[in-house]
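# Residue-level structural notes
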Amino acid sequence: MKIVLASRNQKKIEELRTLLSEEFSDMEILSLDDVGILEDIEENGTTFEENALIKARVAAKSGYVGVADDSGLSVDALAGEPGVYSARYAARCDFAGDHDDEGNNQCLLYNLRDVADEDRTGAYVCAVACVLPDGREFTVRGESRGRILREYRGTGGFGYDPLFYFDAFGKTFAEVSAAEKHSVSHRGAAIRNFAKKLKELI
């Protein structure tokens, strides 16, 4: 089976490839570039599920199974922000500089500057959408709850990982191995839910 992941983020593609290879030994996982889909995809949904479906439908134009995820950090004290804006959160802070991981993290820290440690809770959220060649669609979700620290810890991972403290590990996601992270992460949970659903349909 061939799956086209609707992403050009190489770190995300590799992470998803690793997770999916654990579930499907005979699956070939391709990127948008691999199948010649060059268009920019406008993610204008208001939920993770809507954005994932928008991208998966584009990937399905390849004639293969289209799969996409949309993920981000939802902080309780910020009414769910950054949410669907997680990848471009720096745009909401004039001072944050580049709209990259560093800028996003600095914006998050600024917006949480007056929030007590015990109230800095939140969850990484991942929605995975799948569009089959026959037009059937479904979405699944995975979450991983933790706390937002006041300073970076660790050099691994990406995104908000250096600030996302996972109590069961006593570490941030940036301080653990990829295997440890996958075992409890939002994306790992979503992919496992996705694999279970896909196996029921094929």
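Keep in mind that this is a model prediction, so the values were computed, not measured. (Residues numbered from 1 in each chain as written. Predicted model: local features only at pLDDT ≥ 70, side-chain atom pairs only at ≥ 80, totals over all residues. Heavy atoms only, no water.)

Omega for the peptide link from Glu81 to Pro82 comes to 0 degrees, which places this bond in the cis form. The topology assignment puts Pro82 in the loop between strand S3 (65-75) and helix H3 (101-111). Of note in this structure, Ala79 is not a glycine but carries a positive phi near 55 degrees. One can find Ala79 in the loop between S3 and H3. (Helix = DSSP H or I, 4+ residues; strand = E, 2+ residues; numbered from the N terminus.)

Another point: the pattern of salt bridges. The full count for this structure, using the stated rule, is 15 salt bridges. A salt bridge links Asp167 to Arg147, with the nearest nitrogen and oxygen atoms 3.2 Å apart. Pair noted here: Asp167 is in the loop between strand S6 (164-166) and strand S7 (171-172) and Arg147 is in strand S5 (residues 137-148), with a separation of 20 residues, a long-range link. Residue classification places Arg147 among the partly exposed residues on the basis of a relative accessible area of 27%. Salt bridges here are not isolated pairs; linked through shared partners, they connect Glu43, Lys55 and Asp70. (Salt bridge = Lys/Arg side-chain N within 4 Å of Asp/Glu carboxyl O. Buried < 20%, exposed > 50% of the residue type's maximum accessible area, 1.4 Å probe, protein only.)

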